[in-house]
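# Chains, contacts and geometry: an overview
Chain by chain, the residues:
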Amino acid sequence: MILWLYRFLCIAFEFAMWISPEFKVYIVKEFQRLKEEEQRLLSWSAKRELSKINYRIHTDAIKHNIIPEEVTPQQASIIYANEADVLNVAMFGMTAKQWREVNADKKDNIRDYATINELICLSNMENLNAVFIDQGLPQGERLIKLNQIAIQQMKVLEGDDTTHLLTQHLTDLTIF
């Protein structure tokens, strides 16, 4: 049944395109636009998943190096969130809470609205921060290093135009 419908639609499109060359050009351009959009969304989704996987490496370093055995699960979740905000501040210049306050109309979280390049950079920073945690670097030092790395990587990925986005709020924050 589906094959029959597909063949019928192909014949109908060919006939319509024969009658109107403008329609043929429109269909071709629209198909190209839809394929490009599909590729963009697939690429973003893959990068978001990579970032989530790398976040596991990050949380494992936190678990083994920062969270004392004596804390409750609720206290541990605060430590994890605080460490996630180290990455958020280094990359976006704000904590997750600050982003939610500014973007109250949006659901999900700051990383779900990140660009592909930001997700690539975040993925790299999660791995690096795990190494820095394993090395015993204090949070403040890690934040500075990660921000410098984010600036450098975003320059490479997008050019010098995005540098101001990463540094504009960093000096004003006193969360750590």
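Above this text you will find the structure in question.
Source: prediction; values computed, not measured.

Our focus in this paragraph is the nonpolar core. Most often, soluble globular proteins have nonpolar side chains that are buried together. Ranked by internal contacts, the top residues of the largest apolar core, which has 20 residues, are Met 91, Phe 92, Cys 121, Leu 122, Met 125 and Leu 146. Where this core is concerned, the elements lending two or more residues are α3 (73-92), α5 (116-134) and α6 (139-158). The greatest single-element share of this core, amounting to 6 residues, is contributed by α3. Here Cys 121 is in contact with Met 91, Ala 150, Gln 153 and Met 154, once residues within four sequence places are set aside. In this structure, Ala 61, Ala 76, Ala 130 and Ile 133 belong to the second largest nonpolar core, which totals 6 residues.

One can find Arg 111 in the loop between α4 (96-102) and α5. Here Ala 84 takes part through its backbone oxygen, which lies 3.4 Å from a polar atom of the side chain of Arg 111.

Here the focus is the packing of aromatic side chains. Evaluated as defined, the whole model comprises 1 aromatic pair. Over the face of the ring belonging to Tyr 113 we find Lys 106, whose NZ or CZ atom lies 5.0 Å from the ring centre. Directly above the ring of Phe 132 sits Lys 145, whose terminal nitrogen or CZ lies 5.4 Å from the centroid.

Together, Phe 15, Trp 18 and Ile 19 line one region of the surface with nonpolar side chains, adding up to about 410 Å² of accessible area. If you trace the backbone, Ile 19 turns up in helix α1 (residues 2-19).

Reading the values: rules and limits
Residues numbered from 1 in each chain as written. Predicted model: local features only at pLDDT ≥ 70, side-chain atom pairs only at ≥ 80, totals over all residues. Heavy atoms only, no water. Core = buried A, V, L, I, M, F, W, Y, C linked by side-chain atoms within 4.5 Å. Buried < 20%, exposed > 50% of the residue type's maximum accessible area, 1.4 Å probe, protein only. Helix = DSSP H or I, 4+ residues; strand = E, 2+ residues; numbered from the N terminus. Contact = heavy atoms within 4.5 Å. Polar contact = N/O pair within 3.5 Å; in protein donor to acceptor, adjacent residues only side chain to side chain. Phe/Tyr/Trp six-rings, centres within 6.5 Å; stacked < 30°, edge-to-face > 60°. Lys NZ or Arg CZ within 6 Å of the ring centre and 35° of its normal. Patch = residues over 30% accessible without salt bridge, like charges linked within 9 Å, V, L, I, M, F, W, Y side chains within 5 Å. Areas by Shrake-Rupley, 256 points an atom, 1.4 Å probe, with all protein chains shown as cover. Salt bridge = Lys/Arg side-chain N within 4 Å of Asp/Glu carboxyl O.

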